[in-house]
Amino acid sequence: MSNNPILLERGFVMSTKAAVQPSRKKVSNTFKTAKSFSSFSINDLQKAKEFYGQTLGLDVSETPEGLELHTGNNTIFLYSKPNHTPASFTVLNFPVDDIEEAVDELVGLGVSLEHYNMPDIKTDERGIFRGPGPQIAWFKDPAGNILSVLEET
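Quick summary incoming for the structure in this document. Computed from a predicted model, the values in this text were never measured in an experiment. Every chain is numbered independently, its residues counted from 1 as its sequence is written. This being a predicted model, a pLDDT of at least 70 is required before a residue's local features are given, and a value of 80 or more before pairs of side-chain atoms are given or counted; all residues contribute to the totals for chains, interfaces and linings. Here the side-chain values reflect all heavy atoms present in the structure, with hydrogen atoms and water set aside.

A short note on the sheet that holds strand 7 (residues 90–95)
Counted only if it meets this: The pairing criterion for strands is at least two bridges between them, as found by DSSP. Secondary structure elements follow DSSP: runs of H or I of four or more residues count as helices, runs of E of two or more count as strands, with numbering from the N terminus. As a rule, the C-alpha atoms of each element are fitted with a line to give its axis, helices using only the stretch in contact, and angles between N-to-C directions run from 0 to 180 degrees.
The four strands lie next to each other as 7-10-9-8, forming an open sheet whose pairing is mixed. What marks the edges here is a single partner per strand, and that holds for strand 7 and strand 8 (128–130). Each strand axis lies, on average, 25 degrees off the axis of its neighbour in the sheet, ignoring direction. Here strand 7 pairs with strand 10 (residues 146–151) via five bridges, running parallel. Along strand 10, the bridge assignment pairs Leu-92 with Leu-147.

Concerning the environment of Asp-124
To be explicit about the condition: Burial classes follow relative accessibility: with a 1.4 Å probe on protein chains only, a residue under 20% of its type's maximum area counts as buried, one over 50% as exposed, and anything between as partly exposed. By the convention used here, residues are in contact when the closest approach between their heavy atoms is within 4.5 Å. Under the rule applied, a polar contact is a pair of N or O atoms within 3.5 Å (in protein, one hydrogen donor and one hydrogen acceptor; residues adjacent in sequence only if both atoms are side-chain atoms).
On the secondary structure map, Asp-124 appears in the loop between helix 4 (99–108) and strand 8. Judged by its relative accessible area of 17%, Asp-124 is buried. In contact with Asp-124, other than residues within four places in its own chain, are His-115 and Arg-130. Within the structure, Asp-124 has its side chain in polar contact with the side chain of Arg-130 (distance 2.6 Å).

Description of unusual backbone geometry
Residues Gly-131 and Pro-132 are joined by a peptide bond in cis, for which omega reads 10 degrees. Within the element layout of this structure, Pro-132 appears in the loop between strand 8 and strand 9 (135–140).

Some details on the sheet that holds strand 5 (residues 66–71)
Taken in spatial order, the four strands make up an open sheet running 3-6-5-4, and their pairing is mixed. Each end of this open sheet is capped by a strand with a single partner; those strands are strand 3 (38–42) and strand 4 (59–63). Neighbouring strand axes in the sheet, compared pairwise and without regard to direction, differ in orientation by 25 degrees on average. The pairing of strand 3 with strand 6 (residues 74–80) spans five bridges and is classified as parallel.

This is how it looks when you write it as structure tokens:
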């Protein structure tokens, strides 16, 4: 018989040596220090560049792969996808100091706000959800992705 007996637990077979050795680190340092970024798809690179750069006034860089949006210390990558389906959830949030002012600015820029009348999310006539929690107004980019401005209360 081997000096390394086999254990069977929960349908898994392993040696005693393998059973007592940690199978993975407790915490990864790779992700903790990585500079992360988020991304989402669009269907028209030029329309997105115009909307994010000219309408919203963000710094936009074009790369061979898509667009980089620069907001404060964050970078968001947008990539064109021929079979793009708009996200059914908020993909980008812009914290603001004054929701009323932000909504006025968006409307003045020709951006339409979303209106919701669901059991847990109801917006007012201006398109603002007024709590509990932050006040939020949602709008869409040209590709139909949902964005928001929100004011913490």
